[in-house]
Each structure stands twice: as C-alpha cells, then as structure tokens.
Amino acid sequence: MEIGRSRTCCAGRIGPSTGPTRLSSPPLGHALSILDSLIRRQENLVLSVSLIVITAFSLLFAWRRPFWMDEYLVLQTALAGSPTALWNLMKGAPLSVDPPLFHFLVLYFLRIFGPTEFGTRLPSVLAYTLMSLLLYRFVRKYADVYTGLAVLALCLACGTFQYAYEARPYALVLAADTLALLCWSNIVDTQHNRKLALSGLFLGVAIAVGSHWFGGLVLVPLVFGEVVRNWQTRKIDVGVWAALVVGGTTVVAYLPLLKAASEYQSLPWREAHLGDIFGTFQLVMQPCLVPLTVLMVILALARFMFGTPPPELERPSIPSPVFICVVLLALTPFLGVLVGRLVSHSFHPRYVLLCTIGLLFLVSLTIRKAVGRSAVWMGLSVLIIGGCATLHQYRQLSSLPFGGDASILADVSVFSAEPSLPIVPSDIELLLRLEAHGPASLRTRCVYATDPSSVRILHHNTELLYTRALRRWTRLPIRDLSSFLSVYPRFYVIGPINGTRDWVVRRMLEEHADIALQGAFAGEPVYLVTVNHAQP
C-alpha cells in the first residue's frame, strides 16, 4: 500500500487495474479471464445484486426477529403523533435519551407504513444498505472491484449487521459517518463537485450528531485528517472547516433535551470499562473470524500447491490524510471509552460502531495484500467470505421462531391454576412484549409494579425512570407496588430472581413473602407470591 499526500500531489499515481486477468492454465485461465472481464463490465449489476442480498436479509430479520425493550421505547416515542409532541416527550420524560433526528424519521415512516414493528425498523434497514453502498464507493476510489465486493461481504458478515434491522439509530449514524468520510475524501482527492461534497460533509456530520450523543466522535478522525492535509498543502481549506464546525455545532439545537436525559446518568445501568475497548472490536469483528480463518487456510493450501501468483491488481495509492482518518476511525473505541468514563458516565460497545467503517476498509485491503493482488484469488476470497456470511445469516434467521413473540407467549397454561390472580412481569421489557403480543386472556391480568426500592436492588435508576416515563405517556397497566400489594396479596411473577432488570422477586424476599415456583413461561420461571403483610 502506498500512502500519498493526495491525488493532486502524488506523482505517477496509478488507479485500479481494469485490464483482463492473465492466467497460466489456458482452458481455465480463459474462462476465468472472461468471468473477470464480465464482472468489471457489469460492476453496477454485481453491486446491485450484493446490496439486494444485504437488504433482503435485513428485511427478513426486521420481519422475523422479536422486538426488545429499546425498540419498544423507540416505537412508543414515535407514537407521540407529531414532531412537536415528540420533542416535548423527550424534553419532559424521555423514553429514549438519544437526540431526536432518528425518532423524527421513525415518526414519518410510521405515518407511511403504519404503527408496526416492521415499519419502525425500516429506517435502519435502508440506512445500513446506504452505508454499505457508500463504503463500497469509498473503497473503489482506492482499490479494484474485488476489494469493493470484499467490503460488502464483510458488511454482511460483521457483528454490526445485527443493527441493520434494529429500531435504533446506529445504522443511521453509520450511514451519516460514511457519507461524511466519502465526501471529505472526494475533496482531498479532487476539487470536482466541491460544493456537493461540502454539502454532503456537512449533512453527514449533522445527521450523526443529531442521531446519537456519541455521533460527534466522527469529527475527531475527520479533523485530524484535515489537519494533516492542511499541513501538507500549507493551506487552510475554509470550506471544509466550515462544514465540519457548522455540522458539529448543530448539536446545540438538542441541548434542551440534555437535562431530562442526564437523569439516567446519575446512576447508569452500565458504566464504561477499559474492557469495553476489546468488547467493541469483538462485537464488530468476531463473526468475521470464521470466514477469515477459512479463507486463510484455503489461501495457504493454494499457495503451497500452486505457488504465489503474479500480482495482477495495481497497488492502491491512498492519500495520507485519508489513511490517517481511516485508522483513527478504526480506533474510535479508545476515544469512546474515554468519553464514557469522563463525560457520559455510561457506555456500551454499540455506541462506537463508527469503528466498523475503518475496520472493514483495513481488513479488505489486508485481504487484497494477502492474496498477492491476484484477481482470481481475490474473487475467491469474496466468494468465501460472502458464502460464509450468507450461510451464517441464514442459520440465524432459521433459528427464529415463526410467529415471533406471538408464538413464544402463546402457552399460558402455567397460570391456569389461579385464573383470577394478577400477573406481574419482573421487568419492563417483558411487560411491553406481553402488551404487544400476549394473548388477550393474559393481557387483562398483567400489571407492572414500580417502586423506588428497585434502584437500591438493581443498583441503577434506568428501570424506574423508564417506568415513570411510560406511566406518563402511555396507558400501560403500571401501579405503585404498595397500592398493588394492598389489593392483591397473592399474584404471579414472571422472571428470574437475579436478572439485571428483575427486582420484584428480590423485593418480595425482603418482605419474607412465600414464593413458590410454578413452572415456566416463555423461557422464564413463574412464581406464585403470597405476601404476609398488606403493606411493604
């Protein structure tokens, strides 16, 4: 890999090879040469098919995979009805503490497709497909078509793909980050369509900071890359700096939401730890280990049997500002954990999925180098990674139950012994699942009990704050624990004793209540609780 200063200041820069592949075996070589030529001529068709595969899997998962708590909270937020009502909800008692752009997008999607779980996930599906397309275009600026297809295969194989169909802002942030990177790299390489590139750079940064509080981290690699570029050219590009600064400062518009959102920081459900740095890399790259290992084994055997092929693809020449920016993108988990420890006081590896862009770019170039820049071996690499990724996603999809939560929650026989007793889910996610997909006979008996003692038991206030917000903005059956126990001294509880969000059973143990295991429901234990005192 050659790292240059820019397209304009790298003398003798050579682009990706477009010539046919030369092979030693005449019959096989002729066939592969024809295939190679066809792929190059029909690049847009091959790209379209690859994106269709990614989108198809995303849509199938969006349709089949059951919702989880954060997605239900996004849905409840979007059901506010209007942008003004949504803003007031997030400013008063937020169900989701992200900036509002993603929620505005979901709100309008629900107007078009109806208030369904599938419609709530559609923005993420489209955003991930857009991210994959933009990342492909970015790779193709510096490498051949096979390296671009390799990065698409990695988009399907990597752990980030699980957020392609999740109703959370992460896919939108990734698409915005990739847009900003692509537009900025166009400015570094050439001044063609400069106004359009500056607009895209501003839009990408603005969407990123308006969709997630960690979205502003994309500014760090871009700023460092631009500083290197300015130092090399001995000239400050006012337009680029204006786009970065103005795009970043749009976060000021969302500062009124911070006061309510900061309540969750006072006792967060998850603090930042140094191990989260490795956890982020593991989240993104661990699913890629199997196809990459298979690829390395096959390449080692092929090299042993047939020798090292002659290089047929030109060595990529990447401007040094762009390469520095990509490397810093890959290293954003370090910065994310630092921000989590010093600023937000909470962190999860998914907050810095931005690193996916840099990691997949670097891995695809590493594969290209490992195969000796052979077009045939690079094509084989794409097939291996893409095949393994497709098989893995198909197996994941096949493991999901048909009917989703409706089938999981259908069997209510464990509650038939005492049909008049109320049923208390032990955490708010289970309540939301039951209200959305539980049988009518079960929903009429469901009650969620809330109490400040949950903070002491769970060691975080997230459950209590979510419950208060849901009680304010929805009609869910949520009651104070004390008033509930005064009316119902006997009731069922669904959920484990020591779950991260399950506190009811532990609270009843403190009250010396009689607790008897009755069976299981939806994979969770069911207890019959008899309270010996009317008040807790």
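Predicted, not measured: the structure shown is a model, and the values here were computed from it. (Residues numbered from 1 in each chain as written. Predicted model: local features only at pLDDT ≥ 70, side-chain atom pairs only at ≥ 80, totals over all residues. Heavy atoms only, no water.)

Enquirer: Can you help me understand the packing of helix 8 (residues 170-189) against helix 9 (residues 194-211) in this one?
Expert: How two helices sit against one another is set out by the angle between their axes and by the gap between those axes. Put simply, helix 8 and helix 9 touch, their axes get as near as 8 Å, and they point 155° apart. Relative to helix 9, helix 8 is oriented roughly antiparallel. Of the two possible hands of crossing, helix 8 and helix 9 adopt the one that is left-handed. Listed contacts from helix 9 to Leu172, Val173, Ala176, Asp177, Leu179, Ala180, Cys183, Trp184 and Ile187 of helix 8 are Arg194, Ala197, Leu198, Gly200, Leu201, Leu203, Gly204, Val205, Ile207, Ala208 and Ser211. Taken together, the residues of the contact of helix 8 with helix 9 sort by class into 15 nonpolar, three polar and two charged. (Axes fitted to C-alpha atoms, helices over the stretch in contact; angles between N-to-C directions. Helix = DSSP H or I, 4+ residues; strand = E, 2+ residues; numbered from the N terminus. Parallel < 35°, antiparallel > 145°, perpendicular 65-115°, else oblique. Left-handed = near helix turned anticlockwise from the far one by under 90°. Contact = heavy atoms within 4.5 Å. Nonpolar A, V, L, I, M, F, W, Y, C, P; charged D, E, K, R; others polar.)

Enquirer: I keep staring at the sheet that holds strand 3 (residues 423-425) and nothing clicks. Help me out?
Expert: Read across the sheet, four strands follow the order 3-6-8-7 without closing on themselves; strand pairing throughout is mixed. The open sheet has two edge strands with one neighbour each: strand 3 and strand 7 (514-521). Across the sheet, the axes of successive neighbouring strands diverge by a mean angle of 25°, strand direction being ignored. Sitting on the sheet, helix 20 (residues 428-437) is in contact with strand 3, strand 6 (490-494) and strand 7, with an inclination near 125° to strand 3. (Pairing = 2+ DSSP bridges.)

Enquirer: I'm lost on the pairing of strand 7 in this one. Help?
Expert: Across a regular strand the side chains alternate sides, sitting on one face of the sheet and then on the other. Note that strand 7 and strand 8 (residues 524-530) share seven bridges and pair antiparallel. Directly across from Phe521, in strand 8, lies its bridge partner Glu524. The turn joining strand 7 and strand 8, which pair antiparallel and follow one another in sequence, is formed by two residues; a positive phi near 55° is taken by Ala522.

Enquirer: Please explain the pairing of strand 8 as it appears in this structure.
Expert: With five bridges connecting them, strand 6 and strand 8 associate as antiparallel partners. Paired with Arg490 across the bridge in strand 8 is Thr530.

Enquirer: What am I meant to see in unusual backbone geometry here?
Expert: As a rule of thumb, non-glycine residues mostly have phi less than zero, and peptide bonds are mostly trans rather than cis. Positive phi is not limited to glycine here, since His512 has a value of about 60°. A positive phi angle, close to 55°, is found at Ala522, a residue other than glycine. Looking at where Ala522 falls in the secondary structure, it is placed in the loop between strand 7 and strand 8. Residue classification places Ala522 among the partly exposed residues on the basis of a relative accessible area of 28%. (Buried < 20%, exposed > 50% of the residue type's maximum accessible area, 1.4 Å probe, protein only.)

Enquirer: Even after reading the chapter, I still don't get the packing of helix 2 (residues 43-64) against helix 18 (residues 375-398), so can you show me in this structure?
Expert: The contact between helix 2 and helix 18 brings their axes to 11 Å, and the two run at 15°. Comparing the axis directions of helix 2 and helix 18 gives the class roughly parallel. The chirality of how helix 2 crosses helix 18 is left-handed. Note on element contacts: helix 18 touches helix 2 through Thr390, Gln393, Tyr394, Gln396 and Leu397, opposite Phe57, Leu60, Phe61 and Arg64. When grouped by side-chain class, the residues that make up the contact of helix 2 with helix 18 number five nonpolar, three polar and one charged.

Enquirer: Hey, could you run me through helix 16 (residues 332-344) in this one?
Expert: An α-helical turn contains 3.6 residues, so a residue and the one three or four places further along point in the same direction. Its 13 residues give helix 16 an end-to-end C-alpha distance of only 16 Å, which falls more than 12% under 18 Å, the value for a rise of 1.5 Å per residue. Elements that come into contact with the buried residues of helix 16 comprise helix 10 (219-233), helix 13 (275-285), helix 15 (320-330) and helix 17 (355-370). Just downstream of helix 16, His345 is the residue with a positive phi angle, here 60°. (Expected span 1.5 Å × (residues − 1).)

Enquirer: So what exactly am I meant to see when it comes to the pattern of salt bridges here?
Expert: For side chains bearing opposite charge, pairing can occur when the charged atoms are close. Under the definition given, this model contains 16 salt bridges. Arg168 is the salt-bridge partner of Asp70, the closest N and O atoms lying 3.7 Å from each other. Within this pair, whereas Asp70 is found in helix 3 (residues 69-78), its partner Arg168 is found in the loop between helix 7 (145-157) and helix 8, the two being separated by 98 residues in sequence. The pair Asp70 / Arg168 is uniform in exposure class, with both members buried. Put simply, Asp237 and Arg194 hold a salt bridge, and the shortest N to O gap is 2.4 Å. (Salt bridge = Lys/Arg side-chain N within 4 Å of Asp/Glu carboxyl O.)

Enquirer: Would you explain the packing of aromatic side chains in this entry?
Expert: The geometry of two aromatic rings is summed up by the distance between their centres and the angle between their planes. Applying the stated criterion across every chain yields a total of 18 aromatic pairs. The structure contains a cluster of three or more aromatic residues connected by ring pairs, namely Phe61, Tyr128, Phe161 and Tyr165. If you follow Arg64 out to its NZ or CZ, it ends over the ring of Phe402, 4.1 Å from the centre. Across from the ring centre of Trp231, 5.0 Å away, lies the NZ or CZ of Arg234, which sits over that ring. (Phe/Tyr/Trp six-rings, centres within 6.5 Å; stacked < 30°, edge-to-face > 60°. Lys NZ or Arg CZ within 6 Å of the ring centre and 35° of its normal.)

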